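Each chain is listed here by its residues.
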4 protein chains.
Amino acid sequence: MKYPELRQAAFEANLMLKAEGLVVLTWGNASAIDRDLGLFAIKPSGVDYRELRAEDMVVLDLETGTIADGSKRPSSDTPTHRELYRGFRTIGGIVHTHSIHAVAWAQAERAIPVYGSTHADHWADQIPLVRPLTAKEIEEEYEKATGTAILESFLERGLDPLEHPGALLPHHGPFTWGRTAMDAARNAVALEAVAQMAALTEQITPKPQSIPRPMADKHYSRKHGPGAYYGQIGDKT
Amino acid sequence: MKYPELRQAAFEANLMLKAEGLVVLTWGNASAIDRDLGLFAIKPSGVDYRELRAEDMVVLDLETGTIADGSKRPSSDTPTHRELYRGFRTIGGIVHTHSIHAVAWAQAERAIPVYGSTHADHWADQIPLVRPLTAKEIEEEYEKATGTAILESFLERGLDPLEHPGALLPHHGPFTWGRTAMDAARNAVALEAVAQMAALTEQITPKPQSIPRPMADKHYSRKHGPGAYYGQIGDKT
Amino acid sequence: MKYPELRQAAFEANLMLKAEGLVVLTWGNASAIDRDLGLFAIKPSGVDYRELRAEDMVVLDLETGTIADGSKRPSSDTPTHRELYRGFRTIGGIVHTHSIHAVAWAQAERAIPVYGSTHADHWADQIPLVRPLTAKEIEEEYEKATGTAILESFLERGLDPLEHPGALLPHHGPFTWGRTAMDAARNAVALEAVAQMAALTEQITPKPQSIPRPMADKHYSRKHGPGAYYGQIGDKT
Amino acid sequence: MKYPELRQAAFEANLMLKAEGLVVLTWGNASAIDRDLGLFAIKPSGVDYRELRAEDMVVLDLETGTIADGSKRPSSDTPTHRELYRGFRTIGGIVHTHSIHAVAWAQAERAIPVYGSTHADHWADQIPLVRPLTAKEIEEEYEKATGTAILESFLERGLDPLEHPGALLPHHGPFTWGRTAMDAARNAVALEAVAQMAALTEQITPKPQSIPRPMADKHYSRKHGPGAYYGQIGDKT
């Protein structure tokens, strides 16, 4: 097996998505990138998770988008991953799922408001809703355009992808990312939990208040940035 | 054991329903048909899933509806399966469950609107609600009439069963089908997820929009038909 | 171990409650009765399910309510079980849980309407809400009075306990019963599923209709009574 | 390993939180105190539950807040635990989680009303909502101030911490406690179930009534205090 570490990173993130209950049937994919090699590894399309092996990960060239190694067809969402890796130069892993509650917010075409510290631990502000695709984009290069729309929405709003490690595609679902594929998977788990909590919050009270800004900043900075004091010394996040 | 492949196909689809959490107690059944033999295999009635074996599947004659092989009573829903196999000549498997969210839509007597790509990946349009049965139908041949009502609803509306691989019976629950029994089971899993997502979507926003038609068509055609590019080459769906 | 069959019946029903996810921590109990011996076996109070053994079941005398055999304290709900066994002479097992959705209906002080066939397969009509206890009843013999209130509510309304195998106690939760302890456990599972489905139905549509009466009767009679044709010949229910 | 019993108590409570489904990723922590030694043991920060061992628990001095034994960084919530142990002298264990339904009530800034006996079995009255922190408290000593706010809210309202074994922090989530770390964990499980039941109750009926006071008192006193008759003789709770 060539590129064993890269494949292993993508493989483990894919397994985590299934283990954490984010993936119904085969609806999900994770990828990992090696910036030095200019290659990324991604789940093959439509393969049963119980039969998935590290060597099934398909390795692609970031610049050309062609297969560098692997005998299977890559995920049909591969052009979205590639577009995100090209636009977000600091990220090392990407995840896409159809997790139930995140999809519901995407279908409702709403960004997820910051109602609590669970959210603020992971996103610096609300979880953004990306602009819709045009009919032309959908028909011509749908998956690539999905990535482009995310990049444009972040650029327009001046959002740092590591401070906002995921977004919702209208009528579709979530993409998340992070410094590593495993970070991206953890952010997908966090997004699903936050999406469920936020829907319940609005059920329990008609007009919930956002978390006060100082408390959001405190929670975000406890876990991220130079003054972070969550986790063990040497942890990557 | 006679008809081992046919029985195995029905057996595995039944097991999947339980493993995926669609079946409470014994409330569910899957069948598989061999069109060349004119025989279909179905789960026996009311048997505990933990004790179920492939040889317990009951094999029936499509034309006469009599038992061709098997020592147990077939599912009480067998006449519905038979009616569907006779009317939908392209399908190879059928599933019935009382999965929680699909039943809730059936009890609410609402077709499920197409709010997102998860839905559009599997159904070409909304998940149809079948017409109610008459009192006479209920009293005389209830299970057969359930199948007839599905067939009539599809015929009236001009729906292709493979493009709309399932429907809701009012005040009852879902039937799904597919090219194989395993496809039918996968469609039952998809229907339950879509039903949950749609209910949540309406909770999160009072008047959700349907997915734009070009996006629905794109998602449906990615997975189905001549231009499909989801899954591995040689996959059956 | 004395009374091994009686203890085993109660033990297996208790295990099933936990396995089916109806029991949080130790909040649930099942009992079985031997009418010929005039004895019933019930779960000990507050024991962890992982440590529970058949011989831990406490055997009590139906007439006197005293312990006939067993070294542990019986469930604090034992007087409710005894009262029900004395009033409902056809039942062979009783279950009490705090399963989430059934409790929610009990807390909302609402009987569960018959929205679909899942419900009609198990209850001949709505799942009744029992009258509230008086302050005097609560203070003096709370657990016994819980049973008395169930009996009185059924007598007043002319309900057959086997046709309505369970009820909701206001601000408390469900009791179910059946011909055997395992039937009572299955009815507890059915009640929880039906409670969840009914709450979702009312979320999906503001004014759901009840299932048409001929369809409810058909479903109930498919599974129960002289013309039943669900399950295998020789099955007890 | 030093302090094996203390570490084991904290370790087992942490494992229970994960096993009962209260903990997403690493979002939770449990601690246990030895009042005679003046030491408490707590989960290390951000460690995967599957890799957690009893010896990873960090032992701290109650008075000074410094590490008495252990090679890892303690949970970032350690100052909250210490503050609670100092103010609530009768408690022996503390738990913090981000369990979904409890967080939703905290995000909605609502105390949980006493709708039923499940609640009354564990809390003598509603589950309190603690006062919000000031911007100054958040910026200076956030985690300690979280503890102080709980203590102040209980003091002002005259609440006994053992009769109200947990509270909600606005826009954050639940803290629970008890005579032991395992009691605190059981109370965290109870709180999550009660939070889910209460949200559903309000969905099922627009204006639910509280449980009648005599019934609440009866349920609470069945399990707690001198006349308790729930559980086996010799049980700690």
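Just so it is clear, the structure is predicted and the values come from calculations on it, not from any experiment.

1. Considerations on the overall build of chain A
Logical step 1: Broken down by element type, chain A carries 7 helices and 7 strands.
Logical step 2: The C-alpha atoms of chain A give a radius of gyration of 17 Å, which matches the 18 Å a tight globule of 237 residues would have.
Logical step 3: For chain A, the spread of C-alpha atoms along the principal axes amounts to about 50 × 50 × 35 Å.
Logical step 4: Intrachain contacts of chain A at a sequence separation of at least 6 include 63% that bridge at least 24 residues.
Logical step 5: Summing over all exposed atoms, chain A offers an accessible surface of approximately 8,900 Å²; the carbon and sulfur share of this is 50%.

2. Structural notes on the pattern of salt bridges
Logical step 1: Across all of its chains, the model carries 56 salt bridges over all chains by this definition.
Logical step 2: For E143 of chain A, the salt bridge identified is with R222 of chain B, shortest N-O distance 2.7 Å. Of this pair, E143 of chain A sits in helix 5 (residues 135-157) while R222 of chain B sits in helix 7 (residues 213-223), placing the two residues on different chains.
Logical step 3: Residue classification places E143 of chain A among the buried positions, given a relative accessible area of 7%.
Logical step 4: Taking the relative accessible area as the measure of exposure, R222 of chain B reaches 4% and is therefore buried.
Logical step 5: Measuring nitrogen to oxygen at the nearest pair gives 3.3 Å for the salt bridge that ties K136 of chain B to E140 of chain B. One end of the pair is K136 of chain B and the other is E140 of chain B, both in helix 5 (residues 135-157) and 4 residues apart, which spans about a single turn. Of the two residues, K136 of chain B and E140 of chain B, neither departs from the other in class, the shared state being exposed.
Logical step 6: The structure contains a network of salt bridges with shared partners spanning R53, E55 and D56 of chain A.

3. Here we look at the relation of the copies chain A and chain B
Logical step 1: Turning chain A through 90° and shifting it by 0.0 Å along the axis lays it on chain B, with an RMSD of 0.0 Å. The superposition of one copy onto the other is thereby described by a four-fold rotation axis. The C-alpha atom lying nearest the rotation axis in chain A is that of Q203 of chain A; the distance is 5.6 Å.
Logical step 2: Looking at the interface residues of chain A, only 3% of them are also at the interface in chain B, so each copy uses its own face.

4. Some words on unusual backbone geometry
Backbone geometry follows two general trends: most residues other than glycine have a negative phi, and most peptide bonds adopt the trans configuration.
Logical step 1: Even without glycine at this site, E109 of chain C takes up a positive phi of about 55°.
Logical step 2: Positionally, E109 of chain C belongs in the loop between helix 3 (100-107) and helix 4 (117-120).

5. Focus on the arrangement of the chains
Logical step 1: A gap remains between chain A and chain C, which never touch, and the nearest two C-alpha atoms on either side lie 11 Å apart.
Logical step 2: Between chain B and chain D there is no contact; the minimum C-alpha to C-alpha separation amounts to 11 Å.

6. With respect to the environment of E63 of chain B
All names here are of chain B.
Logical step 1: Tracing the backbone shows E63 in the loop between strand 3 (58-61) and strand 4 (67-69).
Logical step 2: Taking C-alpha positions, E63 is 26 Å from V47, a pair spaced 16 residues apart along the chain.
Logical step 3: Those residues in contact with E63 that sit more than four places away from it in its chain are R82 and R86.

7. Notes on the UniProt feature "domain: Class II aldolase/adducin N-terminal" (unreviewed entry) in chain A
Logical step 1: Sequence positions flagged by UniProt for "domain: Class II aldolase/adducin N-terminal" (unreviewed entry) are, in local numbering, residues 8-199 of chain A.
Logical step 2: Between the first and last C-alpha atoms of residues 8-199 of chain A the distance is 35 Å; the span itself is 40% helix and 17% strand.

8. Section: the interface of chain A and chain D
Logical step 1: Taken residue by residue, the interface counts 36 residues in chain A and 33 residues in chain D.
Logical step 2: Each partner contributes to the roughly 3,000 Å² buried at the junction of chain A and chain D, and carbon and sulfur atoms together form 58% of this total.
Logical step 3: Of all residues in chain A, M197, I204 and Q232 of chain A give up the largest surface area on contact with chain D, accounting jointly for 22% of the area buried on that side.
Logical step 4: For the interface between chain A and chain D, the tally reads 2 salt bridges.
Logical step 5: Residues D77 of chain D and R222 of chain A are paired through a salt bridge, measuring 3.4 Å at the closest nitrogen-oxygen approach.
Logical step 6: At the junction of chain A with chain D, the criterion picks out 16 residue pairs in polar contact (both at pLDDT 80 or more).
Logical step 7: Elements with a minimum of two residues in the side of chain A that touches chain D: helix 4 (117-120), helix 6 (181-204) and helix 7 (213-223) of chain A.
Logical step 8: Sort the elements by how many residues they give to the side of chain A that touches chain D and helix 6 of chain A lands first, with 11 residues.
Logical step 9: Class assignment of the residues belonging to the side of chain A that touches chain D gives a composition of 17 nonpolar, 13 polar and 6 charged.

9. Regarding the relation of the copies chain A and chain D
Logical step 1: Placing chain A over chain D gives an RMSD of 0.0 Å and needs a rotation angle of 90°, together with 0.0 Å of translation along the axis.
Logical step 2: Interface residue correspondence from chain A to chain D reaches only 3%, placing this contact among heterologous pairings that use different surfaces.

10. Considering the packing of helix 3 of chain C against helix 6 (residues 181-204) of chain C
Residue and element names in this part refer to chain C.
Logical step 1: The contact between helix 3 and helix 6 brings their axes to 7 Å, and the two run at 60°. By the angle between their axes, helix 3 is oblique relative to helix 6. In terms of crossing hand, the pair formed by helix 3 and helix 6 is left-handed. Contacts between helix 3 and helix 6 involve I100, H101, A102 and W105 from the former and L191, E192, A195, Q196, A198, A199 and E202 from the latter.
Logical step 2: Within the contact of helix 3 with helix 6, the residues separate by chemical class into 7 nonpolar, 2 polar and 2 charged.

11. Thoughts on the interface of chain A and chain B
Logical step 1: With 33 residues of chain A in contact, the opposing surface of chain B contributes 36 residues.
Logical step 2: A buried area of about 3,000 Å², summed over both sides, lies between chain A and chain B, and 58% of it is on carbon and sulfur atoms.
Logical step 3: Here chain A is connected to chain B by 2 salt bridges.
Logical step 4: Mapped by element, the contributors of at least two residues to the side of chain A that touches chain B are helix 3 (100-107), helix 5 and helix 6 of chain A.
Logical step 5: By residue number, the principal contributor to the side of chain A that touches chain B is helix 3 of chain A, which donates 6 residues.

12. Focus: the sheet that holds strand 7 (residues 173-178) of chain C
Residue and element names in this part refer to chain C.
Logical step 1: Taken in spatial order, the 7 strands make up an open sheet running 4-3-2-1-5-7-6, and their pairing is antiparallel. Because the sheet does not close on itself, it has two edges, and the strands there are strand 4 (67-69) and strand 6 (166-169). Strand-to-strand twist of the sheet, defined as the mean angle between neighbouring strand axes without regard to direction, takes the value 25°.
Logical step 2: Bridge count between strand 2 (residues 39-42) and strand 3 (residues 58-61): 4 bridges; the pairing is antiparallel. Among the inter-strand pairings, F40 is bridged to a residue of strand 3, identified as L60.

13. Some thoughts on the sheet that holds strand 6 (residues 166-169) of chain D
Residue and element names in this part refer to chain D.
Logical step 1: Taken in spatial order, the 7 strands of this open sheet run 4-3-2-1-5-7-6, and their pairing is antiparallel. The two strands at the open ends of the sheet, each matched to only one other strand, are strand 4 (67-69) and strand 6. Across the sheet, the mean angle separating the axes of adjacent strands is 25° when strand polarity is ignored.

14. A few points about the packing of aromatic side chains
Logical step 1: Following the criterion strictly, the structure yields 16 aromatic pairs over all chains and no others.
Logical step 2: Arranged with centres 5.1 Å apart and planes meeting at 55°, the rings of F88 of chain A and W177 of chain A form a pair that is tilted. Here F88 of chain A is found in the loop between helix 2 (78-87) and strand 5 (93-97), whereas its partner W177 of chain A is found in strand 7 (residues 173-178), with 89 residues between them in sequence.
Logical step 3: Take W177 of chain A: its relative accessible area is 0%, and that puts it in the buried class.
Logical step 4: An aromatic cluster of at least three residues, connected via ring pairs, comprises F88, F154 and W177 of chain A.
Logical step 5: Over the ring of Y230 of chain C we find K223 of chain C, and its NZ or CZ is 4.1 Å from the ring centre.

15. So, the pairing of strand 5 (residues 93-97) of chain C
All names here are of chain C.
Logical step 1: By the criterion of burial, strand 5 is predominantly enclosed, with 5 of the 5 residues buried.
Logical step 2: Burial along strand 5 is two-sided: G93, V95 and T97 facing one way and I94 and H96 facing the other are all buried.
Logical step 3: Of the strand pairs in this sheet, strand 1 (residues 28-34) and strand 5 are connected by 5 bridges, and their pairing is antiparallel. Across the sheet, G28 pairs through a bridge with T97, a residue of strand 5.
Logical step 4: In terms of strand pairing, strand 5 meets strand 7 through 4 bridges, oriented antiparallel. When the bridges of strand 7 are listed, I94 appears paired with W177.

Rules and cut-offs
- Residues numbered from 1 in each chain as written.
- Chains lettered and ligands numbered in written order.
- Predicted model: local features only at pLDDT ≥ 70, side-chain atom pairs only at ≥ 80, totals over all residues.
- Heavy atoms only, no water.
- Helix = DSSP H or I, 4+ residues; strand = E, 2+ residues; numbered from the N terminus.
- Rg over C-alpha atoms; globule rule 2.2 N^0.38 Å.
- Contact = heavy atoms within 4.5 Å.
- Areas by Shrake-Rupley, 256 points an atom, 1.4 Å probe, with all protein chains shown as cover.
- Salt bridge = Lys/Arg side-chain N within 4 Å of Asp/Glu carboxyl O.
- Buried < 20%, exposed > 50% of the residue type's maximum accessible area, 1.4 Å probe, protein only.
- Least-squares fit on C-alpha atoms with pLDDT ≥ 70 in both.
- UniProt positions renumbered as here; feature names shortened; annotations may be inferred.
- Buried area = accessible area lost by both parts, 1.4 Å probe.
- Polar contact = N/O pair within 3.5 Å; in protein donor to acceptor, adjacent residues only side chain to side chain.
- Nonpolar A, V, L, I, M, F, W, Y, C, P; charged D, E, K, R; others polar.
- Axes fitted to C-alpha atoms, helices over the stretch in contact; angles between N-to-C directions.
- Parallel < 35°, antiparallel > 145°, perpendicular 65-115°, else oblique.
- Left-handed = near helix turned anticlockwise from the far one by under 90°.
- Pairing = 2+ DSSP bridges.
- Phe/Tyr/Trp six-rings, centres within 6.5 Å; stacked < 30°, edge-to-face > 60°.
- Lys NZ or Arg CZ within 6 Å of the ring centre and 35° of its normal.

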